[in-house]
Number of protein chains: 2
Amino acid sequence: MIKVKIEGVVLDLKSNLPIIVLRDDKQRVLPISVGLFEAQAIAFAMEGIKIPRPLTHDLAKSIIEKLGAKVMRVELTELKGNTYFAYIIMKPKDGEEIRIDSRPSDAIAIALRFQAQIFASEELLLLRETYKPIDESEVKSFREIIDKLPPDEFWKKLRDKK
Amino acid sequence: MIKVKIEGVVLDLKSNLPIIVLRDDKQRVLPISVGLFEAQAIAFAMEGIKIPRPLTHDLAKSIIEKLGAKVMRVELTELKGNTYFAYIIMKPKDGEEIRIDSRPSDAIAIALRFQAQIFASEELLLLRETYKPIDESEVKSFREIIDKLPPDEFWKKLRDKK
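Rules used in this analysis
Residues numbered from 1 in each chain as written. Chains lettered and ligands numbered in written order. Predicted model: local features only at pLDDT ≥ 70, side-chain atom pairs only at ≥ 80, totals over all residues. Least-squares fit on C-alpha atoms with pLDDT ≥ 70 in both. Helix = DSSP H or I, 4+ residues; strand = E, 2+ residues; numbered from the N terminus. Buried ≥ 20, exposed ≤ 12 C-beta atoms within 10 Å, placed from the backbone. Contact = placed C-beta atoms within 7 Å. Nonpolar A, V, L, I, M, F, W, Y, C, P; charged D, E, K, R; others polar. Pairing = 2+ DSSP bridges. Axes fitted to C-alpha atoms, helices over the stretch in contact; angles between N-to-C directions.

This paragraph deals with the relation of the copies chain B and chain A. Least-squares fitting of chain B to chain A yields an RMSD of 0.0 Å, with the transformation described by 0.0 Å of translation along the axis and a rotation of 180°. Such values leave the two copies arranged in the relation of a two-fold axis.

Written out as structure tokens, the structure is:
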């Protein structure tokens, strides 16, 4: 398992769906297409945007904490067909680590809320070695959008782009 | 706290946002406007639609179960401004009940996954006694949409209605 960092969240102009771009120390990238809601949950956590009521991933964080557990790390393990698989690794108060099957987007959104590390399998990082690096200006423009918009407006903006 | 049931999920034609309609034994209704994602999470659970990968609320269910806890009930407690407040009441393996602050939509989506009962405060049910009953045909048409569509298509459909 290789440690990866989130390079950015960009909008794929063809599908109009957000893509989370992960990158390892060797500059290999792993782009994962996610839903709008999940992208919002990830982008808000990355940008430290506070919203008045807990989003679903904030709720998941409360649940984990109130039950006395911690998120240790998340792992993106494999690709089957067009679907990426991931696990959230948690540690209960007294007990062994638990692995929970998750979509990568949920795993990343939760990792960010616990400042937990994200890992990807060598297999996944090899898949996309030739993927072109993302354009910094795309990342910047996406950040500008989410910085300014409350959640409802963010939705509308994405819907209106269609 | 009064026991309520989910009457249906309808699309508000003005705002183009989904509304979850709750009803108590006295036929009082409580309509709660929710996001598209949350409506999808609720509608899928109501209709028993199985999807290949866990949605965020399915993940929350896994987390609660793997940490040895149960959802006892959810409570919709109050309205401040335009915001409804709710709590998810869980019971850890060995321990007292825990109350977790939640948006009503998340609370309902999780209650459905645990077949837990939904309660609303008398205060909330009194608020909207005059709200007109929903039209059965609206519920039916919404169900027909979600029955046929995979999650991605469901999104597109709702976006295209705009």
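Moving on from the coordinates now.
Bringing the environment of Leu-124 of chain B into the picture now. Residue and element names in this part refer to chain B. By the element assignment, Leu-124 lies in helix 4 (residues 122-127). Take Leu-124: there are 25 C-beta atoms within 10 Å of it, and that puts it in the buried class. Leu-124 sits 23 residues away from Asp-101 along the chain, and the two C-alpha atoms are 17 Å apart. For Leu-124, the residues in contact, after removing those within four places along its chain, are Leu-30, Leu-76, Glu-78 and Leu-79.

All right, on to the interface of chain B and chain A then. Listed per partner, the contact involves 23 residues of chain B and 23 residues of chain A. Only helix 2 (56-66) and strand 6 (98-102) of chain B provide two or more residues apiece to the side of chain B that touches chain A. In terms of residue count, the dominant contributor to the side of chain B that touches chain A is helix 2 of chain B (8 residues). Among the residues making up the side of chain B that touches chain A, the classes are represented as 11 nonpolar, 5 polar and 7 charged.

The subject of this paragraph is the environment of Ser-102 of chain B. Relative to the assigned elements, Ser-102 of chain B resides in strand 6. In this structure Ser-102 of chain B comes out as buried when scored by C-beta crowding, with 25 C-beta atoms within 10 Å. In this structure, the C-alpha to C-alpha distance between Ser-102 of chain B and Leu-22 of chain B, residues 80 residues apart in sequence, is 17 Å. Apart from residues no more than four positions distant in its own chain, Ser-102 of chain B is found in contact with Pro-54 and Leu-59 of chain A together with Ala-86, Tyr-87, Ile-88 and Ala-107 of chain B.

Let us now look at the sheet that holds strand 7 (residues 117-120) of chain B. Residues and elements named next belong to chain B. Across the sheet, which stays open at both edges, the 7 strands sit in the order 3-2-1-7-4-5-6 with mixed pairing between neighbours. Looking along the sheet, the strands with just one partner apiece sit at the ends: strand 3 (29-33) and strand 6. The sheet shows a mean angle of 35° between the axes of neighbouring strands, direction not considered. Across 5 bridges, the pairing between strand 2 (residues 17-24) and strand 3 is antiparallel. Across the sheet, the residue bridging to Arg-23 is Val-29, located in strand 3. Where helix 3 (residues 104-114) meets the sheet, it contacts strand 1 (2-12), strand 2, strand 3, strand 4 (70-80), strand 5 (83-91), strand 6 and strand 7, and its direction lies at approximately 155° from that of strand 4.

This part covers the sheet that holds strand 1 (residues 2-12) of chain A. Residues and elements named next belong to chain A. With mixed pairing, the 7 strands of this open sheet are ordered in space as 3-2-1-7-4-5-6. Strand pairing shows two members of the sheet lacking a second neighbour, strand 3 (29-33) and strand 6 (98-102), which therefore form its edges. The mean inter-strand angle of the sheet, taken between neighbouring strand axes irrespective of direction, is 35°. Relative to strand 7 (residues 117-120), strand 1 runs antiparallel, the two being bridged by 3 bridges. Bridge assignment links Val-4 to a residue of strand 7, and that residue is Ile-118.

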